[in-house]
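Residues per chain, in single letters:
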Amino acid sequence: MSCHGQVFRHGQLLLNLLESCSTVRSLDTTKCLHALSITVGPIPKQSIFIHNNIISSYISLGEVLHARKVFDALQQRTVVSYNTLISAYGRSGNVADAWNLLCQMRESGFLPTQYTLTGLLSCEELNLSQGFQLLALSMKNGLFDADAFVGTAMLGLFGRHGCFDEALLAFEDMPQKSLVTWNSMLSLLSRNGFGEDSKVLFGDLFGMGISLSEGSFVALLSGLGDSQEDLCYGEQIHGLMTKCGFDCEITAVNSLIGVYLRCRAMFSVERLFEQVPIQNVVSWNTIIDALVKSKRPQMALEMFLNMSSRGLMPSQATFVAVIDSCNSLRNIVYGEYIHAKVIRSGFESDVIVGTALVDFYAKCDKLVSAHNCFNQIEEKNVVSWNALILGYSNIFSSMSILLLQEMLQLGYFPNEFSFSAVLKSSSVADLHQLHGLIIRMGYENYEYVLSSLVMAYTRNGLINEALSFVQEFNNPLPVIPSNIIAGIYNRTCQYYETIKLLSLLEKPDVVSWNIVISACARSNNYNEVFVLFKHMLSARILPDKYTFMSALCVCTKLCSLDLGSSLHGLILKTNLYNCDTFLCNALIDMYGKCGSIDSSVKVFEEITDRNIITWTALISALGLNGYAHEAVKRFQNMELMGLKPDTLALRAVLSSCRYGGLVSEGMEIFRQMGTIYGIQPELDHYHCIVDLLAKNGQIKEAEKIIASMPFPPNASIWRSFLEGCKRQEITN
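Read on for a plain summary of the structure. Given the structure is predicted, the values throughout are model-derived calculations rather than measurements.

## A closer look at the overall build of the chain
Okay, so step 1: For the chain, the count of helices and strands is 44 helices and zero strands.
Okay, so step 2: In terms of overall dimensions, the chain is more spread out than a globule: its C-alpha atoms have a radius of gyration of 38 Å, far above the 27 Å expected for 732 residues.
Okay, so step 3: Across its three principal directions, the C-alpha atoms of the chain cover 150 × 60 × 55 Å.
Okay, so step 4: Burial analysis of the chain (732 residues in total) assigns 48% to the buried set.
Okay, so step 5: Within the chain, counting contacts between residues at least 6 apart in sequence, those at least 24 apart form 60% of the total.

Here you go:
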């Protein structure tokens, strides 16, 4: 009796120890309990309970191997023993051991429970075949119909494997659905782009009168897109959240902020953010990141300062977003301030934050600071190396090659971006060695690397080597390298080769079309330009400003006002007109040379960001169409606007004076070229002024100009002078 009492007291002691240790678990404590259970020996009716708890303690500490040893030593096991270990294997992705344990459990006469199957079904590595076997087993044992556990876990499995139809069928077949089941289905639909279906499902859930949870709103809101319709729907859900009392729940509010941000409803974001009484770092990160992505870096920095003033500790994501905003501003002072904050917060050794700092300093050409930040990173990755290598490559430093060598010596494997960065600044001496290394490491067929190689050979003047890729590559070259080589052909007037190379592409991009259209335009094959333009539109490739530039140049050469006006209409539809001065300048020139001066002036007046080329195009157009006085007036207005005339602007205004016979105005501008504008006249300027004087009977003045030229006059100047002389003789 005394022995039995002692065993009972030991058992009670073990249970008390288990209870006290369950709050603060440690490996040493669990091992002591394990040792004590072995020392005490079997305790009637309590041993299995104690050992199951020890197994559970080991698992909670991540010691699955120790838990398995305890399990294997058990003389008596229960369903709980199996379920605990199967769930542990499932969570760690060990499908094989979990599956073997299930088989062992069934062989031992134990019937799997819903917890057994959900432990396996939740395993990320479980394949579909095994999942269907478990589904069949659950139906056979009645577990699928008993409650929502197995069915909900099956939804997760189908979702992971992209089997959305099967997931929907399983959901509809489930006789028992919990709120977790509904939320899981909502989340599955939302995450995979079925936003409209998730709205319908949410409506069904709401119509059933089931009390919604925070997870219901989070799942639904994550599926809303960036349309006006989704914004209106999101506002309705916002109202429902308020009605249900979830308008202050952080996770739900963060999801709602995400919807407003995607829909660019910044006013709603700011108002909601101010109304929420409790904000966590995720809320602030969401706002800051959205402001950076919406090209509002200054406001992102202000939000960061506001966040810091409230005592919230920035996270890794906060620093990455705010460093990105400093990158956008290219403000070294702000960047150094954030760097100091990073150091104070202990993130300087973090690979993500550290790499962001390296990238920032590199883009600001502060390579010493970038290198120091790089050295602070404890566990560097290939992205860290690439950021620093690219920084040195951008200033054409040989350090980029040395860094690649160091990277290889330390056991890091460069990727395609590493090689592309190094090739950007490689010399002729390094280029062939790099090419050999790229081949040895198997990157020669990567489009990004291949493009960089072609560019590197071209930049170093090795044009034949760059073009040799066409012959050496068995299959048609990828799009980007093809575009680069076609560009070389185009610049060297090999227009047939340009068209031949790009015709091999299955899916040419807008750059490919632009190059081939440009080649046809430069080779005077004007009809083909517009045939290709139509094909481009048929292929649903949207023209860009370079496409329109080539087409407008052809209209100008053909003096085709109808075609040019049609292109102008298409430009207006593509929204390029209001934001591209480059294109508007071409339109002014086209209308001017096609004789529609009113259209030239109208386009000019509509441009908000005028540059020297804009004014030059208008002055030239006015002069060409007989409005010489207006051209000179515009030239003077340009000067009043603070723009200093360049060589082309001066040639345009002198040509206008020449066409309009404005001798005094032309001579005054010509004399001011060296003294006021600081530009020495070139042959074209001399030709304009000689022609102006000769046509207007000022032969002696023209002769003086020719005599003062610092270089011999060309045939055009002599022709203008002699024609003037002949004209004067006839008059006399």
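## As for the nonpolar core
Okay, so step 1: By size, the foremost hydrophobic cluster in this structure holds 221 residues, and its most contacted members are L121, L126, F202, I338 and I689.
Okay, so step 2: Of the residues forming this core, the biggest block, eight residues, is contributed by helix 22 (residues 351-363).
Okay, so step 3: Apart from residues lying up to four places away in sequence, I338 is in contact with L301, F304, F319, V322, I323 and C326.

## Re the layout of surface pockets
Okay, so step 1: Taken as a whole, the largest pocket holds about 530 Å³ of empty space.
Okay, so step 2: Around the largest pocket, the lining is made up of 21 residues, and of these D589, K593, T616, A617 and S620 lie nearest the centre.
Okay, so step 3: If you list the elements that add at least two residues to the lining of the largest pocket, you get helix 34 (545-558), helix 36 (581-593), helix 38 (612-624) and helix 40 (647-660).
Okay, so step 4: The element contributing the most residues to the lining of the largest pocket is helix 40, with six residues.

## A short note on helix 4 (residues 64-73)
Okay, so step 1: Regarding helix 4, the residues found buried are V64, A67, R68, V70 and F71. When helix 4 is viewed along its axis, its buried side chains cluster within an angular range of 160° and face the same direction. The outward face of helix 4, more than 90 degrees from its buried face, is lined by the exposed residues L65, K69 and A73.

## Looking at the side chain of E416
Okay, so step 1: Secondary-structure assignment places E416 in helix 26 (residues 416-423).
Okay, so step 2: Not counting residues up to four positions away in its chain, the partners in contact with E416 are Y443, Y446, Y448 and V449.

## Focus: the packing of helix 27 (residues 428-440) against helix 28 (residues 447-459)
For any two helices packed against each other, one specifies the crossing angle of their axes together with the interaxial distance.
Okay, so step 1: In the contact formed by helix 27 and helix 28, the axes pass within 11 Å of each other and the chain directions differ by 165°. By the criterion of interaxial angle, the relationship of helix 27 to helix 28 is roughly antiparallel. Considering the relative orientation of helix 27 and helix 28, their crossing is left-handed. Side by side, helix 27 and helix 28 meet where L431, H432, H435 and I438 of the first sit next to V449, L453, A456 and Y457 of the second.
Okay, so step 2: Residues that form the contact of helix 27 with helix 28 fall into these classes: six nonpolar, two polar and no charged.

Conventions used here
Residues numbered from 1 in each chain as written. Predicted model: local features only at pLDDT ≥ 70, side-chain atom pairs only at ≥ 80, totals over all residues. Heavy atoms only, no water. Helix = DSSP H or I, 4+ residues; strand = E, 2+ residues; numbered from the N terminus. Rg over C-alpha atoms; globule rule 2.2 N^0.38 Å. Buried < 20%, exposed > 50% of the residue type's maximum accessible area, 1.4 Å probe, protein only. Contact = heavy atoms within 4.5 Å. Core = buried A, V, L, I, M, F, W, Y, C linked by side-chain atoms within 4.5 Å. 1 Å grid on protein atoms, 1.4 Å probe; cavity = no way out; pocket = protein on both sides within 12 Å on 5 of 7 lines; lining within 4 Å. Points joined across faces, edges and corners; volume = space filled by probe spheres on them. Arc of directions from axis to C-beta. Axes fitted to C-alpha atoms, helices over the stretch in contact; angles between N-to-C directions. Parallel < 35°, antiparallel > 145°, perpendicular 65-115°, else oblique. Left-handed = near helix turned anticlockwise from the far one by under 90°. Nonpolar A, V, L, I, M, F, W, Y, C, P; charged D, E, K, R; others polar.

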